[in-house]
Amino acid sequence: MIVAPPPATEPRAHRFIGKKRRPVEDRRFVLGRGRYAADITLPHLHHVAIVPSQYAHARITAIDVSAALAVPGVLGILTGPELRAKTKPLRQYLDIPGVEWFPLAGDVARYAGEWVVAIVATERAIAEDAADLVAVSYEPLPAVLDPEAAMDADSPPVHPSHPSNILYQRTFVWGPVDADFAAAPRTLKTRYRWHRSATVPIETFSVTASWEPGTSMLDVWASVQMPQFPEQIAEALSIPLNGVRVHFDVDVGGSYGVKRGIKHGVLVSFLSRHFGVPVSFVEDRLENMRGGDMHGPDRIFDVEAAYDDRGVVRSLRIRTIDDEGAYPGRSPLQMGKPVGAIVGAYAIASVQYEAIAVTTNKAGQVAVRGFGQAPTNFAIELTMDRVARNVGIDSLEVRRRNFIQPEQFPYTIPSGTAYDSGDYPTVMAKAEALADYAALRRWRDAARAQGRVAGIGIASCIEPGGGNAIFQALFNDKDKTTTFPEGCQVKIDRTGTISAQIGISSSGQGHETLVSTLLGEIFEVEPDEIRVIHADSLAGLPSQSPVASRMAIVLGDATVGAARRLKDRMLRIAAHDLGRAPEDCEWNGTSVRVAGADGAERTWLEIARIAHLFYHRLVPGMEPGLQTQFVIEVPTGGTLPTAEGRVQMYPCHSFSAHVVAVEIDRGTGKVHFHKYALAHDCGTVINPDIVRGMVMGGIAHGIGAALYERFVYDDAGQLITQTFADYMMPTTHEVPHVDMIEHETPSPFTSLGQKGVGEGGYMSTPAAVVGAINDALAPFGARVDHAPVTPVDILECLQ
Amino acid sequence: MSRHDITMIVNGKRIERSVPARRSLADFLRDDLQLTGTHLGCEHGICGACTVHLDGVPVRSCILYAVQADGAEVTTVEGLSPDGTTLSPLQDAFVSCHGLQCGFCTPGMLMAATALLRENPHPTDAEIRDELGGNICRCTGYQQIVESVQQAAREGFVR
């Protein structure tokens, strides 16, 4: 039984929740007073530069650092063999003995850009001067670059001590898939390709570490959004976990999943302890793009659908091959999260799902916004478009015919996850109305009649929110982790002011605003008077960081739980001081009064003063002060997978429906947005501007993934998109104005009905945009089944 | 490495320093003057996060040397507020519209938008998008940034 927050005492009509409120974080950012990891300075701080591998796959035969060491200002140089002798490998989440990952390459470099040597100097520029003087001798090995070729038994191995380049392969069958296919009047099969891209924050990864021998304590400031970051540093360096203090009061300049920095944190912490000085490493853009291990999913999907003449889909077979690059870490689990929404928003009765993780000589993959759900949803949604086209119905209509209906919730999908709540037809209807779909179709048809190339795309998505460790157990039998907690500590001091501590850093999600809004609502005080601070990893409560669109859900409910506990205690203090039983008293705004009596009451300040100063008036046996904490397990969490791999993945399921109209320039193949409208449902909204920003930001990432962004490797395994001039990200010119409307179906699993909202835009947009392109290309008898779709791809289709 | 004595006015204050020839203006502002509001995103002059004003004109401080700013007047994001505490109308609009999330590109956005509004106090939506097209934001999808600039323009941007 998971402990839920105590019942509400605050008024039912919200004063602050769902109302416009200026986010508290924004003020320091517009003043230029944010404090990011690269802004941290310490006395005697030294800086790191990296020598990367020039080859995709090569034996390192010699490293000569003598000239580099002679550069004035260079304190020391570290090579892979030395680091490996003194640290443990970085954590793998798959059970893959023989695949060892360290911050620096050992005798073999496994991708171009992999870190080989680290140089510590008084200034970054000096460290870079010295890096140029390091001579590394390589003996090139054959590079493995194509994930399917990598699966061949005779492929050169990326990790010779592992049996093959396949790191994980399992086929799940949920329901009578073969029977459903055999019985279906129609089937189709398509291959989709989601190319390697990432969310690429404007801030690169930065970390500063300082080892203090007097206390055997490691202090770390990092631009990190990572569950288990302190543990992984402690494990790699064999430091007790209570000797690693990660400071979470660092502003993180964007993450969207990728700011993991495990190898960065371990390397810099090691360097600080090894050389006896505080050390800082701020990735430059090349180090970030080529060697930062921050690329996202890179997948091939083979999808089969069994459906009928009305376009109702009965069953799916999905096979996905994910190119993890050289070092997988946590990234293969991104094929696990989609298990919890493997049928999208549709009442599909059975599913076969095969997940294959392959290693190649490319940079390591990492978590990206949606944790693998964006590519999977891309494949599901484009399949729905194909079903619609094959039976001759509209792509909006095919979705309507397949939607799970509002009265079916909670609805358990074949893979075992219960969707909590939703009203997909209504949200789709809102999107249809907002876009004026009928008018859009007339616009498209008129444009086509004039010889123009125009199309409309539709996509929906289920956005699982809340997080859960269950994909760790699903993909690794030896991992029995079922806890994915979050905590909040709340204090009221002797002057009555309120402060809260959260155990995470934020990368733009507005957690201080979230927590203070909820506390303001429950305590019935102005949220702007409440202070929220980010505790360090030793002072804070258990946390799994702001992944999985989980903070409104779990930090929200931890906050609500702590606040209600504290209110209950204050009521008991006041009742005792009034000489009454607690059940005879009630809250009246910020005072406690005797219910229905003469108005005798104790004010907020009086209660705080009794708790802190007047022990003789405190409830006998009660601890002094006003402080409490609440740690919550993710709702519906705490279970292990069944033998068939059925899982309750995340607790909350948001929904969105996108309608996109595009026009394609016949001469250049460029895609112009004519209209972008969407409706979304993330349950109870806490801060409307933050919600809007999250949705919109996800759309911008989705447009990038659909049209522009791709990490391209050449035939020798060199990354050829190394800068923002080659890896193109959408600007104000590429992201259109978006019309947006909300719908609120509260979640039954959270205290206020809130759900997650950070990832849905990114999950829907690529399918909606590519769907619109395909509609535009349909009169030419062409379609594309990959992302990103470049102008060249489109021009080929138009010819 | 040759060093050079340089003098500039930074956010209204006269600064005299000796710097190596190769130090970028961004590094000079951040490391020598501790004005860490100027952020480095790409160091290739593409993302715009490091935008400052040099004699009133928005420039990429990552691809200018500090010595190139010798004798110039430099304004950074820290100089937008008249007293370091009060928000300028544009800063206020960014907070009001939540025209940011992580805050990392924000200083560059503010510097670019300030330059726009000085030249063109009532820009159209297209003009705003045009002027901010050289600043990349990965959080917001730009919509609330455009709204922020519109709001500042509406409320009479004066500076």
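Residues numbered from 1 in each chain as written. Chains lettered and ligands numbered in written order. Predicted model: local features only at pLDDT ≥ 70, side-chain atom pairs only at ≥ 80, totals over all residues. Heavy atoms only, no water.

Novice: I would appreciate a short explanation of the overall build of chain B in the present structure.
Specialist: In terms of helices and strands, chain B carries 5 helices and 5 strands. Across chain B, helices and strands are ordered from the amino to the carboxyl terminus as β-β-α-β-β-β-α-α-α-α. Here the C-alpha coordinates of chain B stretch approximately 50 × 30 × 25 Å along the principal axes. Buried residues in chain B amount to 61% of all 159 residues. Across chain B, the fraction of contacts at a sequence separation of at least 24, relative to all contacts at a separation of at least 6, is 55%. Of the roughly 6,000 Å² that chain B leaves accessible, carbon and sulfur atoms contribute 46%. Of the charged side chains in chain B, 13 are positive and 19 negative, and the gap between their average positions amounts to 6 Å. (Helix = DSSP H or I, 4+ residues; strand = E, 2+ residues; numbered from the N terminus. Buried < 20%, exposed > 50% of the residue type's maximum accessible area, 1.4 Å probe, protein only. Contact = heavy atoms within 4.5 Å. Areas by Shrake-Rupley, 256 points an atom, 1.4 Å probe, with all protein chains shown as cover. Lys, Arg positive; Asp, Glu negative; His and termini not counted. Charge placed at Lys NZ, Arg CZ, Asp CG, Glu CD.)

Novice: What is the right way to look at the interface of chain A and chain B in this model?
Specialist: Note on interface size: it is often stated as the accessible area lost on association of the parts. Each partner contributes residues to the interface: chain A has 53 residues there, and chain B has 48 residues. Summing both partners gives a buried area of about 4,200 Å² for chain A against chain B, and 54% of it is carried by carbon and sulfur. The three residues of chain A that bury the most area against chain B are Val 30, Ile 202 and Thr 732 of chain A, which together make up 17% of that side's buried surface. At the junction of chain A with chain B, the criterion picks out 6 salt bridges. (Buried area = accessible area lost by both parts, 1.4 Å probe. Salt bridge = Lys/Arg side-chain N within 4 Å of Asp/Glu carboxyl O.)

Novice: Is there a simple way to think about the sheet that holds strand β3 (residues 74-79) of chain A in this case?
Specialist: In a beta sheet, neighbouring strands are held together by backbone hydrogen bonds and run either parallel or antiparallel to one another. All names here are of chain A. Reading across the sheet, the 7 strands line up as β3-β5-β1-β12-β9-β10-β11 and stay open at both edges, with mixed pairing between neighbours. This sheet does not close on itself; its edge strands, each paired only once, are β3 and β11 (244-247). Shown here is a sheet whose adjacent strand axes are inclined to one another by a mean of 25°, direction ignored. Note that strand β10 (residues 217-222) and β11 share 4 bridges and pair parallel. When the sheet's bridge partners are listed, Trp 221 is paired in β11 with His 247. (Pairing = 2+ DSSP bridges. Axes fitted to C-alpha atoms, helices over the stretch in contact; angles between N-to-C directions.)

Novice: Is there a simple way to think about the packing of aromatic side chains in this case?
Specialist: Here a ring pair, both rings aromatic, is described through the centre-centre distance and the interplanar angle of the planes. Residues and elements named next belong to chain A. Considering all chains together, one arrives at 23 aromatic pairs over all chains under this definition. A ring pair is formed by Trp 174 and Tyr 353, whose centres lie 6.3 Å apart and whose planes are at 25°; its orientation type is stacked. Of this pair, Trp 174 sits in strand β7 (residues 166-174) while Tyr 353 sits in strand β15 (residues 350-359); the two residues are 179 residues apart in sequence, bridging distant segments of the chain. Take Trp 174 and Tyr 353: they sit in the same class, and that class is buried. Ring centres 6.0 Å apart and planes at 45° place the aromatic pair Phe 673 and Tyr 676 in the tilted group. Residue Tyr 676 is classed as buried on the basis of its relative accessible area of 1%. Linked through ring pairs, Tyr 346, Phe 403, Phe 409, Tyr 424 and Phe 655 together constitute an aromatic cluster. Over the ring of Trp 211 we find Arg 273, and its NZ or CZ is 5.8 Å from the ring centre. The ring of Tyr 93 carries Arg 330 above its face, with NZ or CZ at 4.7 Å from the centroid. (Phe/Tyr/Trp six-rings, centres within 6.5 Å; stacked < 30°, edge-to-face > 60°. Lys NZ or Arg CZ within 6 Å of the ring centre and 35° of its normal.)

Novice: Would you take a moment to explain the packing of helix α7 (residues 229-237) of chain A against helix α8 (residues 262-275) of chain A for this structure?
Specialist: Each pair of packed helices can be described by the angle between their axes along with the distance between the axes. Residue and element names in this part refer to chain A. Look at α7 against α8: their axes get within 9 Å of each other, and the N-to-C directions meet at 50°. Between α7 and α8, the angle falls in the class oblique. For α7 against α8, the interelement crossing comes out right-handed. Contact with α7, carried on its side by Phe 229, Gln 232, Ile 233, Ala 236 and Leu 237, involves Ile 262, Gly 265, Val 266, Ser 269, Phe 270 and Arg 273 of α8 and no other residues of that element. The residue makeup of the contact of α7 with α8, split by class, is 7 nonpolar, 3 polar and 1 charged. (Parallel < 35°, antiparallel > 145°, perpendicular 65-115°, else oblique. Left-handed = near helix turned anticlockwise from the far one by under 90°. Nonpolar A, V, L, I, M, F, W, Y, C, P; charged D, E, K, R; others polar.)

Novice: Before we go on, may I ask you to explain empty space enclosed by the protein in this structure?
Specialist: If a probe as big as a water molecule is rolled over the atoms, it shows which places are left empty. Residues and elements named next belong to chain A. For the structure on display, the rule yields 8 cavities of 30 Å³ or more. Of the voids in this model, the largest cavity is the one considered here, and its volume is about 660 Å³. If you list the elements that add at least two residues to the lining of the largest cavity, you get α15 (511-523), α16 (551-578) and α18 (688-708). Of the residues belonging to the lining of the largest cavity, the class tally is 21 nonpolar, 18 polar and 6 charged. Approximately 180 Å³ is the volume attributed to the second largest cavity. The wall of the second largest cavity is formed by 19 residues, among which Trp 101, Arg 260, Ile 262, Arg 330 and Val 366 lie closest to the centre. It is α8 that provides the largest number of residues to the lining of the second largest cavity, a total of 3 residues. Class assignment for the residues of the lining of the second largest cavity results in 7 nonpolar, 7 polar and 5 charged. (1 Å grid on protein atoms, 1.4 Å probe; cavity = no way out; pocket = protein on both sides within 12 Å on 5 of 7 lines; lining within 4 Å. Points joined across faces, edges and corners; volume = space filled by probe spheres on them.)

Novice: For this particular structure, what's the right way to read the pattern of salt bridges?
Specialist: Close approach of charged atoms lets side chains of opposite charge pair. Residues and elements named next belong to chain A. One pass over the structure, following the stated rule, counts 61 salt bridges over all chains. For the salt bridge of Lys 362 with Asp 323, the shortest nitrogen-to-oxygen distance reads 2.6 Å. On the criterion of sequence distance, the pair formed by Lys 362 in the loop between β15 and α10 (373-391) and Asp 323 in strand β14 (residues 313-325) is long-range, its members being 39 residues apart. For Asp 323, a relative accessible area of 0% gives the class buried. Shared partners join several salt bridges into a network, and the residues in it are Arg 193, Arg 196, Asp 298, Asp 323 and Lys 362.

Novice: Please clarify how the domain arrangement of chain A should be interpreted in this entry.
Specialist: Residues and elements named next belong to chain A. Taken as a whole, chain A is organised into domain 1 (26-34 + 485-633) and domain 2 (372-466 + 650-798). For domain 1 versus domain 2, the separation of C-alpha centres amounts to 40 Å. On the domain 2 side, the residues contacting the 17 residues of domain 1 number 20 residues. With both chains or domains summed, domain 1 and domain 2 bury close to 1,200 Å², and 63% of this area falls on carbon and sulfur atoms. The interface formed by domain 1 and domain 2 includes 0 salt bridges. When contributions to the side of domain 1 that touches domain 2 are tallied by element, the ones reaching two or more residues are α15 and α16. Counting residues per element, the side of domain 1 that touches domain 2 draws most heavily on α16, which supplies 7 residues. (Domains from an automatic or database assignment.)

Novice: I'm lost on the nonpolar core in this one. Help?
Specialist: A general feature of soluble globular proteins is that nonpolar side chains tend to end up buried together. In this structure, Tyr 353, Phe 523 and Ile 773 of chain A are the most contacted members of the largest nonpolar core, which totals 268 residues. Ranked by size, the runner-up nonpolar core spans 22 residues in total, among them Ala 58, Ala 68, Val 116 and Ala 127 of chain A. (Core = buried A, V, L, I, M, F, W, Y, C linked by side-chain atoms within 4.5 Å.)

Novice: Would you mind going over the state of the cysteines with me for this structure?
Specialist: Such a bond, covalent and formed between the sulfur atoms of two cysteines, is termed a disulfide. Residues and elements named next belong to chain B. Using the criterion set out here, one finds 0 disulfides over all chains in the structure. You can see Cys 50 has no disulfide; the closest cysteine sulfur is in Cys 62, sitting 3.7 Å from it. For Cys 50, a relative accessible area of 3% translates into the label buried. (Disulfide = S-S within 2.5 Å.)

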